[in-house]
Amino acid sequence: MDVAALNALPFEDFVNILGNVVEKCPLITAAIWSERPFVNFTALETAISDFIDALPESGKEGILRCHPDLAGRDLQSGTLTRESREEQAGAGMSALSSAEASRMSRLNEEYKQRFGFPFVICARMTDKANILRQLSERCLNERATERARGIEEVKKICSLRLRALVLPDAPNKL
């Protein structure tokens, strides 16, 4: 579906199609619908990014809290969104050894205890070894630094999800 077709969609269809480009945050696409028409893909992507940037810090943390733990209970129970399931599987999160799974669980919990929101990384742009390394390293960051880093990762995820919907022939990586 190209940008012109998205611009022509009624509100409900626009939100249904784009509602999970930011994980479990259809409110964002609902809010930017009124900014149509978007002149191109970049304008659409910028509208989402600008909306996120304008949120107070508590709103940004809310976006981060909508993300599931990597290789967490939602993956194990099959309750991830389709997009998250595909992204995590592509990064090897569904094929962790028992030692890797135990380490991931421990680090996820440590991270959430420290920051109050889950670790977010664009899984499509990395692999399980790098995810484990980043999770361990990022546990040492300050809260504000980590909130900003998490939001940048959300934007990467959003960009790739948007590309898949609007530019289906585009590469799977940024």
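Residues numbered from 1 in each chain as written. Predicted model: local features only at pLDDT ≥ 70, side-chain atom pairs only at ≥ 80, totals over all residues. Heavy atoms only, no water.

**Let's talk about unusual backbone geometry**
Note on backbone geometry: most residues besides glycine have negative phi, and most peptide bonds are trans.
Next up, step 1: Residue Pro37 is bonded to the preceding Arg36 through a cis peptide linkage, with omega at 5°.
Next up, step 2: Examined against the element boundaries, Pro37 turns out to sit in the loop between helix 3 (26–32) and helix 4 (41–54).
Next up, step 3: With a phi angle near 55°, Lys24 is a residue other than glycine that sits in the positive phi range.
Next up, step 4: Mapped onto the fold, Lys24 is located in the loop between helix 2 (11–18) and helix 3.
Next up, step 5: Unlike most non-glycine residues, Ala71 shows phi in positive territory, near 55°.
Next up, step 6: Structurally, the position occupied by Ala71 is in the loop between helix 5 (57–65) and helix 6 (73–77). (Helix = DSSP H or I, 4+ residues; strand = E, 2+ residues; numbered from the N terminus.)

**Points about the UniProt feature "domain: Oxo-4-hydroxy-4-carboxy-5-ureidoimidazoline decarboxylase" (unreviewed entry) in the protein**
Next up, step 1: When the UniProt feature table is mapped onto this chain numbering, "domain: Oxo-4-hydroxy-4-carboxy-5-ureidoimidazoline decarboxylase" (unreviewed entry) sits at residues 7–163.
Next up, step 2: A helix fraction of 66% and a strand fraction of 0% characterise residues 7–163, whose end C-alpha atoms lie 16 Å from each other. (UniProt positions renumbered as here; feature names shortened; annotations may be inferred.)

**Topic: the environment of Asn40**
Next up, step 1: Residue position: Asn40 is located in the loop between helix 3 and helix 4.
Next up, step 2: The partly exposed category is assigned to Asn40, whose relative accessible area is 36%. (Buried < 20%, exposed > 50% of the residue type's maximum accessible area, 1.4 Å probe, protein only.)

**Focus on the domain arrangement of the protein**
Next up, step 1: For the protein, the assigned domains are domain 1 (3–61) and domain 2 (68–152).
Next up, step 2: One C-alpha centre belongs to domain 1, the other to domain 2, and the line joining them spans 25 Å.
Next up, step 3: Contact residues are listed per partner, giving 7 residues for domain 1 and 8 residues for domain 2.
Next up, step 4: Both sides together, the interface formed by domain 1 and domain 2 hides about 740 Å², and carbon and sulfur atoms give 50% of it.
Next up, step 5: The largest share of the area that domain 1 buries against domain 2 comes from Asn20, Glu23 and Glu61, three residues that together contribute 59% of it.
Next up, step 6: With a closest N to O distance of 2.6 Å, Glu61 and Arg143 form a salt bridge.
Next up, step 7: At the boundary of domain 1 with domain 2, the tally comes to 6 residue pairs in polar contact (both at pLDDT 80 or more).
Next up, step 8: Here the side of domain 1 that touches domain 2 takes 3 residues from helix 5, the largest share from any one element.
Next up, step 9: Residue classes in the side of domain 1 that touches domain 2 are distributed as 1 nonpolar, 1 polar and 5 charged. (Domains from an automatic or database assignment. Contact = heavy atoms within 4.5 Å. Buried area = accessible area lost by both parts, 1.4 Å probe. Salt bridge = Lys/Arg side-chain N within 4 Å of Asp/Glu carboxyl O. Polar contact = N/O pair within 3.5 Å; in protein donor to acceptor, adjacent residues only side chain to side chain. Nonpolar A, V, L, I, M, F, W, Y, C, P; charged D, E, K, R; others polar.)

**What to know about the pattern of salt bridges**
Next up, step 1: For the structure shown, the criterion picks out 19 salt bridges.
Next up, step 2: For the salt bridge of Glu23 with Arg161, the shortest nitrogen-to-oxygen distance reads 2.8 Å. With a gap of 138 residues between them, Glu23 in the loop between helix 2 and helix 3 and Arg161 in helix 10 (residues 143–166) connect regions that are remote in the sequence.
Next up, step 3: The buried category is assigned to Glu23, whose relative accessible area is 1%.
Next up, step 4: A relative accessible area of 4% means that Arg161 is categorised as buried.
Next up, step 5: Linking Lys128 and Glu100 is a salt bridge whose minimum nitrogen-to-oxygen distance equals 3.1 Å. Of the two residues, Lys128 sits in helix 9 (residues 128–138) while Glu100 sits in helix 8 (residues 98–115), which places them 28 residues apart along the sequence.
Next up, step 6: With a relative accessible area of 26%, Lys128 lands in the partly exposed category.

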